[in-house]
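Chain residues, written in single-letter form:
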Amino acid sequence: MALPACAAGALGPPLQPERGAPARTTCPRRHSRVEAELAASRPGSVAASVRAGPPRGVSRGFNSQPLLDEPLKAAASLAGAARAPLFALLLRGRRRRMHDLRRRWDLGSLCRALLTRGLAALGHSLKHVLGVIFSKIFGPLASVGNMDEKSNKLLLALVMLFLFAVIVLQYVCPGTECQLLRLQAFSSPLPDPYRSEDESSARFVPRYNFSRGDLLRKVDFDIKGDDLIVFLHIQKTGGTTFGRHLVRNIQLEQPCECRVGQKKCTCHRPGKRETWLFSRFSTGWSCGLHADWTELTSCVPAVVDGKRDARLRPSRNFHYITILRDPVSRYLSEWRHVQRGATWKASLHVCDGRPPTSEELPSCYTGDDWSGCPLKEFMDCPYNLANNRQVRMLSDLTLVGCYNLSVMPEKQRNKVLLESAKSNLKHMAFFGLTEFQRKTQYLFEKTFNMNFISPFTQYNTTRASSVEINEELQKRIEGLNFLDMELYSYAKDLFLQRYQFMRQKEHQEARRKRQEQRKFLKGRFLQTHYQTQSQGQNPNPSQNPSQNPNLNASQSGTQNLFQNLIQNLTQSSGQNPNPKENQESQKQNPGQEQSDGNTSNGTHDYIGSVEKWR
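These numbers come from a predicted model, not from an experiment.

Caption draft 1: Seen up close, the overall build of the protein chain. Scanning the protein chain for helices and strands turns up 21 helices and 4 strands. Residue burial in the protein chain is summarised as follows: out of 614 residues, 34% are buried. Sequence separation of at least 24 residues holds for 71% of the intrachain contacts in the protein chain that already meet a minimum separation of 6. Here the protein chain has roughly 39200 Å² of accessible surface; of this, 55% comes from carbon and sulfur atoms.

Here you go:
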């Protein structure tokens, strides 16, 4: 039941009606009746449920008709008893906030409304901007002034479709991994994968003179025979990566068996229980950790054929290969490796049948390792084997008394070591450079006639590249490795000349095959043409050829001419092409070898071109 007017006045001011609702009166009954009507108008209220009838599933009884006759009285008594005390206890500001919350939308509806209005505003702006742009561009060409509403809608639809496609493409193909987003897709269909790996100029100017035998490295390596490939692994030259390529990335009739968790792989010859590769990942460090040229040449034959009798040993060829690196980068990489605790104490350094003494090869540190040493301390040690390591590991140390520095003067010793390293490097079956990974792969495949499965990757960011040194430190490192600097310059020149020579030879071979194919097709065409003419001149084969002596003579002459032409084409297919074409090709490509069978002339031309380049 409703409260008296005195009690309602004591509890607080009455509830303000909503906007659009009738004003309240001082009469309690009138007040309760108005609130009951408002409650009945709201969906889900008690009065609305009473007016709508009983709940679902409950049937109307015989006594329910009187309640329907007076719905306002019941609703007024219920609403007046429940709502008046509650709102009377609340403050005015709290009551206003509750009314605002009733009229406020939920969060989802608000977000949808904001999104809809934002998209509408964006579409209107895009439509206006595009309309201005199109009017500026196509205004003089248009016969009608502005675009109509239909064209504006079509343009807006196209723009929205384009934006949607861009968003979908970013989800399906993020970053630069997708082939569709690469600029290489718009380049030439067959790009040269060997051009400018080190970001240098494509044209190479030689500095040294090499013979054709030095440039043409073609090893008749028979994996089913007795020959052996020996890999000389110099520290921090990328030899670990190249060694893995040898055992995991070569197409072989019988590939190497590499098991998970084991560093060494089994590389047997087809049909034999004998290895064809002597390296870290096939036979391990059988001759010592990072054995050099002096150790390998005396150790490998004994390790491979040590258990056999000398008379039963096969006359095998040992093909030595190695990888070189820029001396400054290699030196910094070795310093960082030593900082992490590497010592290479297991290296034997055997020379002339014995290891060096502690006086001949002192140590640069006193503890278990040299971890954490600064670069200055690393460079100050005069016995550091990192200095000129590539020259020392590629030269024959027996020529200078091994590690005994008192055998000859230092200047003479350095000269002998450098010349020995150059000679051994030049006569090796193959050597590569860390800075030219793809060219290294190409030369190895051409040298041994063995192809890799996947291409090599050029890594320009290494631990050595992360070390920032000034010009003074770089010059000091170059001074400590002056022999390696000279050797690397020599090796780089020889390497690039070999690569250029092999590429020219490959292009000339392809040109020769194309010429032979054109000659063959030309002969076939002449033969077909002659047969067609013969059939056209003699349409009646039953006619006696003696009846037309002129025709018989012309046919015999044409046949003799055709036979002579075919004979000349057959003889010239294996000979030199037209001298005029040779002269023109020589003028266009002065550094290329001629594509004929006379290899000596091609060699002299190539060497002559090298002289011109110099």
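Caption draft 2: Structural view of the sheet that holds strand E1 (residues 228-232). As summarised here, the arrangement of the 4 strands in space is E2-E1-E3-E4, forming an open sheet in which the pairing is parallel. Each edge of the open sheet is held by one strand with a lone partner, namely strand E2 (277-278) and strand E4 (430-433). Where E1 meets E2, 2 bridges bridge the pair, whose relative direction is parallel. What sits directly across from Ile229, in E2, is Leu277.

Caption draft 3: The arrangement of the state of the cysteines in detail. Evaluated as defined, the whole model comprises 5 disulfides. Across the disulfide from Cys258 sits Cys265; the S-S distance is 2.1 Å. Across the disulfide from Cys258 to Cys265, rotation about the S-S bond amounts to roughly 115°, and the bridge is consequently right-handed. For Cys258, a relative accessible area of 26% gives the class partly exposed. For Cys265, a relative accessible area of 3% puts it in the buried group. Sulfur-sulfur distance for the disulfide between Cys351 and Cys402 comes to 1.9 Å. Measuring handedness by torsion sign, the sulfur bridge of Cys351 and Cys402 sits at about -75° and is left-handed.

Caption draft 4: Local environment of the pattern of salt bridges. In this structure the tally under the stated criterion is 16 salt bridges. With its nearest N and O atoms 3.5 Å apart, the salt bridge here joins Glu486 to Lys422. In this pair, Glu486 is assigned in helix H18 (residues 482-537) and Lys422 in helix H15 (residues 410-427), connecting sequence segments 64 residues apart. Given a relative accessible area of 32%, Glu486 falls into the partly exposed group. With a closest N to O distance of 3.9 Å, Arg503 and Glu506 form a salt bridge. Remark: Glu506 and Arg503 occur in helix H18; sequence separation between them is 3 residues, near one turn of the helix. Here Arg503 falls in the buried class, since its relative accessible area comes to 16%.

Caption draft 5: Just the packing of aromatic side chains, in detail. Within this structure, the stated rule accounts for 20 aromatic pairs. Arranged with centres 5.1 Å apart and planes meeting at 50°, the rings of Trp293 and Tyr320 form a pair that is tilted. Taken together, the residues span a long stretch of sequence, with Trp293 in helix H11 (residues 293-304) and Tyr320 in strand E3 (residues 318-324) at a distance of 27 residues. Of the two residues, Trp293 and Tyr320, both sit in the buried class. Taken together, the ring pairs in this structure connect Phe221, Phe231, Phe242, Trp276, Phe430, Phe444, Phe448, Phe452 and Phe456 into an aromatic cluster. Above the plane of the ring of Trp344 lies Arg389, whose end atom (NZ or CZ) is 5.6 Å from the centre. Stacked on the ring of Tyr442, the Lys or Arg Arg503 has its end atom at 5.5 Å from the ring centre.

Caption draft 6: A look at a nonpolar patch on the surface. Taken together, Met160, Phe162, Leu163 and Val166 make up a surface patch of nonpolar side chains, about 360 Å² in accessible area. Counting through the fold element by element, Phe162 comes out in helix H8 (residues 149-172). By relative accessible area, Phe162 is classed as exposed at 55%.

Caption draft 7: Structural view of the side chain of Arg413. Topologically, Arg413 is positioned in helix H15. It is Glu410 that comes nearest to the buried, bridge-free Arg413 among opposite-charge side chains, at 7.8 Å. Each residue touching Arg413, except ones within four places of it in the same chain, is listed here: Val400, Cys402, Tyr403, Asn404, Leu405 and Met408.

Caption draft 8: Examining the environment of Val391 more closely. With respect to the helices and strands, the residue Val391 is situated in helix H14 (residues 389-394). The class for Val391 is buried, based on a relative accessible area of 1%. For the pair Val391 and Glu419, spaced 28 residues apart in sequence, the C-alpha separation works out to 9.2 Å.

Caption draft 9: Molecular detail of H11. Between the first and last C-alpha of H11 there are 16 Å, a value that for 12 residues agrees with the 16 Å anticipated at 1.5 Å per step. Buried within H11 we find Trp293, Thr294, Glu295, Leu296, Cys299 and Val300. Those residues of H11 that are buried lie in contact with E1, E2, E3, H14 and H15.

Caption draft 10: Layout of the pairing of E4. Neither face of E4 is exposed, since Phe430 and Gly432 on one face and Phe431 and Leu433 on the opposite face are all buried. For E3 and E4, the ladder comprises 4 bridges, and the chain directions are parallel. When the bridges of E4 are listed, Thr322 appears paired with Phe431.

Caption draft 11: Quick peek at the nonpolar core. Membership of the largest hydrophobic core comes to 72 residues, with the highest contact counts inside it found for Phe242, Trp276, Leu296, Ile321, Leu394, Phe444 and Phe448. Top element by residues in this core is H18. It accounts for 11 residues. If near-sequence neighbours (up to four positions away) are discounted, Phe242 is found in contact with Phe231, Ile321, Ile323, Phe430, Thr440, Phe444 and Phe456. Formed by 17 residues, the second largest nonpolar core is a distinct cluster that contains Val338, Trp370, Ala386 and Ala464.

Caption draft 12: Up close: the confidence of the model for the protein chain. On average, residues of the protein chain score 75 in pLDDT, and 60% of them reach the 70 mark or higher. Counted against residues more than four places away or in other chains, residues 44-52, with its pLDDT under 50, gives 13 contacts. Long-range and interchain partners of residues 179-190, a stretch whose pLDDT sits below 50, account for 6 contacts in this model, where long-range means more than four residues apart.

Caption draft 13: Structural view of the side chain of His245. As for its placement among the helices and strands, His245 is situated in helix H10 (residues 239-248). Under the relative-accessibility criterion, His245 is labelled buried at 14%. Those residues in contact with His245 that sit more than four places away from it in its chain are Ile250, Phe452 and Phe456.

Caption draft 14: Fine view of the environment of Ser282. Relative to the helices and strands, Ser282 is located in the loop between E2 and H11. Taking the relative accessible area as the measure of exposure, Ser282 reaches 12% and is therefore buried. Separated by 17 residues in sequence, Ser282 and Cys265 have C-alpha atoms that sit 5.0 Å apart. The contacts of Ser282, once residues within four sequence positions are left out, are Lys264, Cys265, Cys267 and Leu277. Within polar-contact distance, the side chain of Ser282 engages the backbone oxygen of Leu277 at 2.8 Å. Polar side-chain contacts of Ser282 include one of 3.0 Å to the backbone nitrogen of Ser279.

About the thresholds
Residues numbered from 1 in each chain as written. Predicted model: local features only at pLDDT ≥ 70, side-chain atom pairs only at ≥ 80, totals over all residues. Heavy atoms only, no water. Helix = DSSP H or I, 4+ residues; strand = E, 2+ residues; numbered from the N terminus. Buried < 20%, exposed > 50% of the residue type's maximum accessible area, 1.4 Å probe, protein only. Contact = heavy atoms within 4.5 Å. Areas by Shrake-Rupley, 256 points an atom, 1.4 Å probe, with all protein chains shown as cover. Pairing = 2+ DSSP bridges. Disulfide = S-S within 2.5 Å. Salt bridge = Lys/Arg side-chain N within 4 Å of Asp/Glu carboxyl O. Phe/Tyr/Trp six-rings, centres within 6.5 Å; stacked < 30°, edge-to-face > 60°. Lys NZ or Arg CZ within 6 Å of the ring centre and 35° of its normal. Patch = residues over 30% accessible without salt bridge, like charges linked within 9 Å, V, L, I, M, F, W, Y side chains within 5 Å. Lys, Arg positive; Asp, Glu negative; His and termini not counted. Expected span 1.5 Å × (residues − 1). Core = buried A, V, L, I, M, F, W, Y, C linked by side-chain atoms within 4.5 Å. pLDDT = per-residue confidence, 0-100. Polar contact = N/O pair within 3.5 Å; in protein donor to acceptor, adjacent residues only side chain to side chain.

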